[in-house]
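Descriptive analysis of the structure
In case you want the letters, here they are:
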Amino acid sequence: MITKEATEAAPTPVSVPTEAEHRPRKGKYRAWDDAPRWQIYLPLSIYLVFTLIPFYWILLFALRPAGSTSLVPWPITFEHFEKVWTERSFATYFQNSLLVGVATLVMTTLVALAGGYALARFDFKVKRAFMLALLCSQFVPGALLLVPLFEIFAELQMINSLTSVIIAETVFQLPLSMILISNFIKNVPYTLEEAAWVDGCNRLTAFRIVVLPLLRPGLIAVGSFAFVHSWNHFLFALMFLNNQSKQTIPVGLNTLMSADSVDLGALAAGGIIAAVPVVLVFAFIQKWLITGFSAGAVKG
């Protein structure tokens, strides 16, 4: 017979923690961390399907023969790509767009770098008013700039020149790029520049040796967005370029559509040609973009 005293004296069984309970949690615990995997993958899969359907549809029209109604691009043909590249002058459009995009990237990055450094490192009386003007300029749609820019370029005899489009794209990209660059520079400790000055460097040399390497992710982020925006922009190229040999890819895509008919195969092939550089840019610089947006993690 087990007495009450023996029951109280008996040791309490110790539960051995499982591997999941023993493993320490990393970071802050969230309620959805223990959710079943299907509750995460199912909505993501549905979203992925809805995202990829338009891409499959454009590939279908670009790769299947003209007049075909098959839902599978077979037999695969590249006649639409040949047509737009040679007959519809897409080789020239591609070259012009590439020139405009690279030139806009370089000019926007250089000017935004100089202006962003001035905003980050110097104090002057109209600094707040200037920053407010930069922010307010982002509320102005590009269509409102067409008439004044056209008048300016007409006076300078720059109409029907790629230079006019490059300048317009750079002006349109500068405000936001300058604000972003100034924020990146503010995250670089000022003491690093001071240490370089003590070692005998002037301001320009200290900036080039110390600050500029730390700004690489931010510069890549700003430059990539300037390139992609100028590559895709339609209005400036349409208004400032009259000669077909000077037009860019967005205007070239517009020429594939007429009031009576639309060549869907050629339009799909032209859209894929226009999308390839943008996809390649983001595929190769995605890690730099993530680093650039998290540039606030720099510590002194």
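Residues numbered from 1 in each chain as written. Predicted model: local features only at pLDDT ≥ 70, side-chain atom pairs only at ≥ 80, totals over all residues. Heavy atoms only, no water.

1. Things to note about the overall build of the protein
As a reminder, the rule being used: Only DSSP runs of H or I reaching four residues or more are called helices, and only runs of E reaching two or more are called strands; each is numbered from the N terminus. For each residue, the accessible area found with a 1.4 Å probe, counting protein chains only, is set against the maximum for its type, and the residue is called buried under 20%, exposed over 50%, and partly exposed in between. Here, two residues are considered to be in contact whenever any of their heavy atoms come within 4.5 Å of each other. Surface exposure here means Shrake-Rupley accessible area, sampled with a 1.4 Å probe, where a residue is shielded only by the protein chains that are shown.
Across its full length, the protein carries 14 helices and zero strands. Seen in sequence order, the protein has helices and strands lined up from the N terminus as α-α-α-α-α-α-α-α-α-α-α-α-α-α. Among the 300 residues that make up the protein, the fraction classed as buried is 34%. Partitioning the intrachain contacts of the protein with sequence separation of at least 6 by distance along the chain shows that 72% fall at a separation of at least 24. For the protein, the computed accessible surface area is about 19,400 Å², with 68% contributed by carbon and sulfur atoms.

2. So, the nonpolar core
Rule in force here: We call a set of buried residues a nonpolar core when its members are Ala, Val, Leu, Ile, Met, Phe, Trp, Tyr or Cys and they connect through side-chain atoms within 4.5 Å of each other.
In this structure, A62, F81, V84, F90, W231, I249 and L253 are the most contacted members of the largest nonpolar core, which totals 20 residues. Counting residues per element, the ones that place at least two in this core are α3 (37-63), α4 (79-87), α5 (90-121), α11 (216-232), α13 (249-255) and α14 (264-293). Ranked by residues supplied to this core, first place goes to α14 with seven residues. Residues in contact with V84, not counting those within four places in the same chain, are S89, F90, L256, A266, A269, G270 and I273.

3. Digging into the confidence of the model for the protein
Just so we agree on the cut-off: In predicted models, pLDDT denotes the confidence assigned by the predictor to each residue on a 0 to 100 scale.
Here the protein averages 79 in pLDDT, and 83% of its residues register 70 or above. Taking the mean pLDDT of every element in the protein, the minimum, 49, falls on helix α2 (residues 19-22) and the maximum, 90, on α5. A low-confidence stretch, residues 296-300 (pLDDT under 50), is modelled with five contacts involving residues beyond four sequence positions or located in other chains.

4. Focus: a nonpolar patch on the surface
Defined as follows: Nonpolar side chains (Val, Leu, Ile, Met, Phe, Trp, Tyr) are joined into patches within 5 Å and like charges within 9 Å, using only residues with over 30% relative accessible area and no salt bridge. Only one rule defines a salt bridge in this text: a Lys or Arg side-chain nitrogen within 4 Å of an Asp or Glu carboxyl oxygen.
Taken together, the side chains of Y56, W57, L71, V72, W74, I76 and F78 define a hydrophobic patch exposed on the protein surface, amounting to about 810 Å² of accessible area. Mapped onto the elements of the fold, F78 is located in the loop between α3 and α4. Since its relative accessible area comes to 52%, F78 is described here as exposed.

5. A look at helix α6 (residues 127-137)
Filter applied, for reference: This arc describes the spread of directions from the helix axis toward the C-beta atoms.
Turning to α6, its buried residues number three or more, namely K127, M131 and L134. For α6, the buried positions fall inside an angular range of 60° around the axis, keeping them on one side. Seen from the buried face of α6, the exposed residues on the opposite side, beyond 90 degrees, are R128 and L132.

6. Observations concerning the environment of T205
Put simply, the test is: Identification of polar contacts relies on pairs of N or O atoms within 3.5 Å, with a donor-acceptor requirement for protein atoms, meaning one able to donate a hydrogen and the other able to accept it, and with residues adjacent in sequence counted only if both atoms are side-chain atoms.
Following the sequence through the fold, T205 ends up in helix α10 (residues 203-214). Distance from T205 to E193, taken between C-alpha atoms, is 9.5 Å for residues 12 residues apart in sequence. Among the polar contacts listed, one links the side chain of T205 to the side chain of N202, at a separation of 2.6 Å.

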